[in-house]
Structure formats: C-alpha cells, structure tokens
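Spelled out from the first residue to the last, the chains are:
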Amino acid sequence: MKKVLLLGVVLSCMMFVKCGPKVSNTTSETSEKSTPLADVDPMPFAESITADELKEMLYVYASDEFEGRNTGEPGQKKAAEWLKNFYVEHGIPSAQEDSYFQIVPESFFRAGSGIKASENVVAFIEGSTKPEEYIVISAHLDHVGVREDGEVFNGADDDGSGTVGVLEIAEAFKQAVEKGYRPQRSIVFLHVTGEEKGLYGSRYYAENPIFPIANTVADLNIDMIGRVDEAHKDNENYIYLIGSDKLSTELDSISTAVNNKYMNIDLDYTYNDENDPNRFYYRSDHYNFAKQGVPIIFYFNGVHEDYHQVTDTPDKINYPMLAKRAQLVFLTAWELANRAERIVVDKEVK
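Heads up: these notes are all about the structure in this document. (Residues numbered from 1 in each chain as written. Predicted model: local features only at pLDDT ≥ 70, side-chain atom pairs only at ≥ 80, totals over all residues. Heavy atoms only, no water.)

### What to know about the overall build of the chain
Piece 1. Within the chain one finds nine helices and eight strands.
Piece 2. The C-alpha radius of gyration of the chain comes to 19 Å, within 12% of the 20 Å expected for a compact globule of 350 residues.
Piece 3. The principal-axis extent of the C-alpha atoms belonging to the chain is close to 55 × 50 × 40 Å.
Piece 4. Split into buried and exposed, the 350 residues of the chain put 59% on the buried side.
Piece 5. Of all intrachain contacts in the chain linking residues separated by at least 6 positions in sequence, the fraction that spans at least 24 positions is 83%.
Piece 6. Total accessible area on the chain is roughly 14,200 Å²; 49% of this is exposed by carbon and sulfur atoms. (Helix = DSSP H or I, 4+ residues; strand = E, 2+ residues; numbered from the N terminus. Rg over C-alpha atoms; globule rule 2.2 N^0.38 Å. Buried < 20%, exposed > 50% of the residue type's maximum accessible area, 1.4 Å probe, protein only. Contact = heavy atoms within 4.5 Å. Areas by Shrake-Rupley, 256 points an atom, 1.4 Å probe, with all protein chains shown as cover.)

If you want it as structure tokens, here you go:
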C-alpha cells in the first residue's frame, strides 16, 4: 500500500454552525405521477445500484487520499466534504437549512480522548404524503487512520462498503423521484462519524436529532457489506441480519418478504442470537436508535482476516455482492417508506 500523499489542493471550508431541520414544504411536482406507489415496480431503481458504480466510488473513498478517515482529523474531514459534494452534484438536499454537516463538538467525545470536533453528513429526500415520518439509512464514514509507519488503514469494507452503498441507494431514490415516484415517507441518508471511537456520531444524532426520533420509523444500518467471510466461502449469496426482530415483529416479516420477492439472498441470523458472544447488536450505530425505541436492521457480512488491518483495501471487495446487498437495503427502505401504515413497535427495548 502506498504511503499517505499530501494533497495539493485545499477543500472548501465546512460550515461549523448548528442548523435546524428543513421545514416541510412539500409540493407536488408536475412530473410526479398519480400511480399508487404500491403498484410501482421498484426493481428498475434498485438495479441502478451497480457493481461498477460502487467500485468507482469505493476506489476513491477507500484511497490513501482520505488518510484512513480518523475521526476529527483532516482525512476524515476530506471524506465528509466528498460525501457532501456527491449529494450536491446529484441534487439531493441537505437535511438542514444551511448545511449537510451536523457538527459533533469536541466536548461530546470522552474527556481526555484528544478527539477533535467532527461532523455527521446528513441528506434527505422529503416524502410526499407522509413527509413527517422518516426512514433512516445509515453507515459510518470514519475509520482508524494511519499506522505509525505511515501505512493507511483504508477501511474499504469497514465501512467504505456501507458508505458507498448509502450513496447508491440515495441515487436510486433520486431517480425514482425524477421519474415521478416520490416516496411517501421521507428518507434520511445519515453518514455518522466516530463509530470506531465508540458510536459517537450516531449517539449524537439520536440525542440531538435533526428529525424527531418519535417520528423515525426505522433505521437500516449498513456496516461492512463488501466481503465474504470464511463461513460462507462456498456460498457468497448471503448477508447477516441483526436486530430485525428485536423491537418490531412486523419489520422482520417485511424484511423477509422483500428479500423473498426480489433478491433471494440467504439471510443469516447467526449473530442475531441473544447469546452470541460477539454481541454485534450492540456494536454498531443502529444500537443508538434501538435504545430510543426505533426498530432497526443491521446488515453485515461478518469479520474477515483484513478487519481493522491495512489490508482492508478496495481490490478485495466482492462488488457484485456489494451491489446485491445494497439493492436489498433499498428495496426494504422502499417498502417501509410506501406501505400504508407505519410499522408497529411490539417489543420492549433491551
């Protein structure tokens, strides 16, 4: 792997202001159609999520240019700026009036940690008929930085794969809007910082939400979906699902039905076991939503030999499976956004 290269350009300045959420101002564009969204086939939009586009983006996002995306450091801020620019270029609005960045102040991090102020990146697509209900699609934008010898922890799978997956999902929803099919509920695209330091960015959002937690229908969290683990070396067509039944029986049923209808990926619930010693349910950003009573699904490919190593590089990603898994998340979000009734929480928070 190459050593860190100094960039010769200065990225545009990020706005370090705390902004309120965008005020709902839904108007029906003349291009939007009257066809009930329940009758719309979402697969053409899901299929816009392609292995080639994911690969192109991940080779940038998991490059040495972003210096391992260590929370609060220059490389992470370059990554946040790159994410913001994606949303600007694709015409996907920010979640706040004046900024795509939700600032996480230095004081929020553990005292004495030395972690500098950082930022979540938040974009959204406003819903048509239920704009004040929200589906959050999340992934963490940070990683662990640079080794003492100068080698970069690129974090292609962790969580570059989830990050570019969210971008492609956002683009798929945007294409649906452009075709006249705006989702009924609003979709929030949330890239959180500080996951590797202790789930800080997601906790900050959950405790200081841009959109009310009480109106948040579900969080679909993506953390590592680009690889195949040892347990599935003979069957790459899988994904681990964690937490889908913890708070809402209905969410789990919907997830299964969507997969059976469209994708036929093997859903592996090994790590969903209450007695699983890895305790993955508590170890990624969805948990800060679950603690607030928001139903969640955690999509995960399992650990591998390159986990938290400098060898977690984009050349090792299984891009066809990354695309299929991202398509499944999109299709699940589509169903949650467009069903007549909000899913029911029928279990207690653990």
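Now that the structure has been shown, the text picks up again.
### Quick look at the packing of aromatic side chains
The description of two aromatic rings rests on the distance between their centres and on the angle between their planes.
Piece 1. All told, the structure shown has 28 aromatic pairs when counted by the stated rule.
Piece 2. Arranged with centres 5.8 Å apart and planes meeting at 45°, the rings of Tyr 61 and Phe 66 form a pair that is tilted. Just as Tyr 61 is buried, Phe 66 falls in that class too.
Piece 3. Residues Phe 173 and Phe 189 carry aromatic rings whose centres are separated by 6.4 Å and whose planes lie at 50° to one another, so their mutual orientation is tilted. Taken together, the residues Phe 173 in helix α4 (residues 156–178) and Phe 189 in strand β4 (residues 185–192) connect sequence positions 16 residues apart.
Piece 4. The exposure class assigned to Phe 173 is buried, which follows from its relative accessible area of 0%.
Piece 5. By relative accessible area, which is 0% here, Phe 189 ends up buried. (Phe/Tyr/Trp six-rings, centres within 6.5 Å; stacked < 30°, edge-to-face > 60°.)

### Looking at the pattern of salt bridges
Piece 1. Scanning the entire structure with this criterion turns up 14 salt bridges.
Piece 2. Here Lys 77 ties to Glu 119 by a salt bridge, and the two come within 3.1 Å at their closest N and O atoms. In this pair, Lys 77 is assigned in helix α3 (residues 74–89) and Glu 119 in strand β2 (residues 118–125), connecting sequence segments 42 residues apart. Accessibility assignment for this pair places Lys 77 and Glu 119 in one class, buried.
Piece 3. With a shortest N-O distance of 3.0 Å, Glu 81 and Lys 84 are connected by a salt bridge. (Salt bridge = Lys/Arg side-chain N within 4 Å of Asp/Glu carboxyl O.)

### Thoughts on the sheet that holds β4
Piece 1. In spatial order, the strands read β1-β2-β4-β3-β5-β8-β6-β7; together these eight strands make up an open sheet with mixed pairing. The outermost strands of the open sheet, each flanked by one partner alone, are β1 (101–104) and β7 (266–268). Averaged over all neighbouring strand pairs, the angle between strand axes comes to 25°, with direction disregarded.
Piece 2. Taken together, the four bridges between β1 and β2 define a ladder with antiparallel strand orientation. The residue bridging Phe 101 from the neighbouring strand is Val 121, located in β2.
Piece 3. Set on the sheet, α3 makes contact with β1, β2 and β4; between it and β2 the angle comes to about 10°. (Pairing = 2+ DSSP bridges. Axes fitted to C-alpha atoms, helices over the stretch in contact; angles between N-to-C directions.)

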